[in-house]
Amino acid sequence: MPVAIVIPARYASSRFPGKAIAAVAGRPLVEHVWRGATAWGGAIRVLVATDDDRVARVARAFGAEVALGGEARTGSDRVARVGCELGADIVVNVQGDEIDVDREAIDGAILALEGADIGTVACALESRDHSDRDAVKVVTDTRGFALHFSRAALAGAQRHVGVYAFRAHFLRVFASLPTGALERAEGLEQLRAIEHGHRIRVTRLLGNYRSINREENLGNG
C-alpha cells in the first residue's frame, strides 16, 4: 500500500523554542529526522509540515518538500491536514525531534497497524528515563495493545518513540475527535484515541532511540 511520511516541526516548542532548526552535529535537527525518514525508501512522499517560515526556509534549503500551514492542536493534527491529501493509504507521523528514526522504527509502526487503529513503537527504558517527564512511557497488554501513555513513572513501561502509523481514513477520524481529559492532563495526543475507544498497538524495538526535548540534549546529538 502507498505510504507517505509527514514530519510535523513547529518553531514555538514550549520547552525549546526553535528546536526544529537547532544545530545537532552540524545539521538542523529536522534535517536529521528527514534524512532518517527518506532513507526508509518506501514512501511516495516525505514532507516537513510546519507553521513557521523559519522552519520552512531551513527545510527547503536542505531539499525537503514543505507544507506550510497555521497552528494545529498537536503534531498529529498538523499531519492530518496534509497527510490525507497525499494519495497514500498509510500516513506515518515521524515527530520532528526523533533524531534516531530509522527503517526499523518506521517498519515497526506500520507493522503495528495490524488489528489496530494506530501503530507505534517503543524501546527499553534506560534507568534515567523512569523519572524523566520528557521521556514518554507506555504500558501494553500481552498482545501489544497500549493501555496507557504517561510522562510519569509506570510499572512495566517501555519508552515510547514518536512514530505513528495511521490509515488515511482513520487519520481523518482522529483529527475530528475532541480533546479529552487525559490528553489535556498529560499533553499526549495519542491518549485522545484511547479515550475515545480506539486501539493503539506497539511494536517493541531492539535499539535505543533518543529524542531532543531541551537545549541541553543537543550535546548528545
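Residues numbered from 1 in each chain as written. Predicted model: local features only at pLDDT ≥ 70, side-chain atom pairs only at ≥ 80, totals over all residues. Heavy atoms only, no water.

Trainee: Before we go on, may I ask you to explain the packing of helix 3 (residues 75-83) against helix 5 (residues 168-176) in this structure?
Mentor: The interhelical angle for the contact between helix 3 and helix 5, taken along N-to-C directions, is 130 degrees, at an axis separation of 9 Å. One element, helix 3, and the other, helix 5, form an angle in the oblique class. Judged by the twist between their axes, the crossing of helix 3 over helix 5 is left-handed. Contacts between helix 3 and helix 5 involve Ser 76, Asp 77, Val 79 and Ala 80 from the former and Leu 171, Phe 174 and Ala 175 from the latter. Looking at the contact of helix 3 with helix 5 residue by residue, the classes come out as five nonpolar, one polar and one charged. (Axes fitted to C-alpha atoms, helices over the stretch in contact; angles between N-to-C directions. Helix = DSSP H or I, 4+ residues; strand = E, 2+ residues; numbered from the N terminus. Parallel < 35°, antiparallel > 145°, perpendicular 65-115°, else oblique. Left-handed = near helix turned anticlockwise from the far one by under 90°. Contact = heavy atoms within 4.5 Å. Nonpolar A, V, L, I, M, F, W, Y, C, P; charged D, E, K, R; others polar.)

Trainee: How should I be thinking about the layout of surface pockets in this particular structure?
Mentor: Sizing a probe to match a water molecule and rolling it over the atoms shows the empty space that remains. The space that makes up the largest pocket amounts to roughly 880 Å³. Lining the largest pocket are 37 residues, and of these Arg 10, Arg 15, Gly 75, Gln 95 and Glu 189 sit closest to its centre. Those elements giving two or more residues to the lining of the largest pocket turn out to be helix 3, strand 10 (158-167) and helix 6 (181-186). Among the elements that line the lining of the largest pocket, the one with the most residues is strand 10, at five residues. Here the residues of the lining of the largest pocket are counted per class, giving nine nonpolar, 13 polar and 15 charged. As a volume, the second largest pocket reaches approximately 360 Å³. Lining the second largest pocket are 19 residues, with Arg 128, Asp 129, Arg 159, Arg 210 and Ser 211 positioned closest to its centre. (1 Å grid on protein atoms, 1.4 Å probe; cavity = no way out; pocket = protein on both sides within 12 Å on 5 of 7 lines; lining within 4 Å. Points joined across faces, edges and corners; volume = space filled by probe spheres on them.)

Trainee: Looking at this structure, how should I read the side chain of Asp 77?
Mentor: One can find Asp 77 in helix 3. In this structure Asp 77 touches Ala 72, Ala 175 and Arg 192, once residues within four positions along its chain are discounted.

Trainee: Quick question: what am I supposed to make of the pattern of salt bridges here?
Mentor: Note that side chains of opposite charge can pair when their charged atoms are close. Going through the model one piece at a time under the given rule, you end up with 12 salt bridges. As a salt-bridge pair, Asp 141 and Arg 143 come within 3.5 Å of each other at their nearest N and O atoms. For Arg 143, a relative accessible area of 53% gives the class exposed. Overlapping salt bridges, with partners in common, bring together Arg 73, Asp 77, Glu 183 and Arg 192 in one network. (Salt bridge = Lys/Arg side-chain N within 4 Å of Asp/Glu carboxyl O. Buried < 20%, exposed > 50% of the residue type's maximum accessible area, 1.4 Å probe, protein only.)

Trainee: What exactly am I supposed to notice about unusual backbone geometry here?
Mentor: Across the chain, the bulk of peptide bonds are trans and the bulk of non-glycine residues have phi less than zero. One non-glycine residue, Ala 25, adopts positive backbone phi at about 50 degrees. Residue position: Ala 25 is located in the loop between strand 2 (23-24) and strand 3 (27-28).

Trainee: Teacher, can you tell me more about the nonpolar core here?
Mentor: A general feature of soluble globular proteins is that nonpolar side chains tend to end up buried together. Within the largest apolar cluster, 37 residues are counted, with the highest numbers of intra-cluster contacts made by Ile 5, Ile 7, Val 48, Val 92, Val 94 and Val 163. Counting only elements with at least two residues in this core, the list comes to strand 1 (3-8), helix 1 (29-38), strand 4 (43-50), helix 2 (53-61), strand 6 (90-94), helix 4 (103-111), strand 7 (118-123) and strand 10. In terms of residue count, helix 1 provides more of this core than any other element does, five residues in total. Excluding its chain neighbours within four sequence positions, the residues that come into contact with Val 92 are Val 3, Ala 4, Ile 5, Val 6, Ile 110, Val 163, Tyr 164 and Ala 165. Grouped together as the second largest cluster of nonpolar side chains are 29 residues, Ala 67, Phe 166, Leu 191 and Val 202 included. (Core = buried A, V, L, I, M, F, W, Y, C linked by side-chain atoms within 4.5 Å.)

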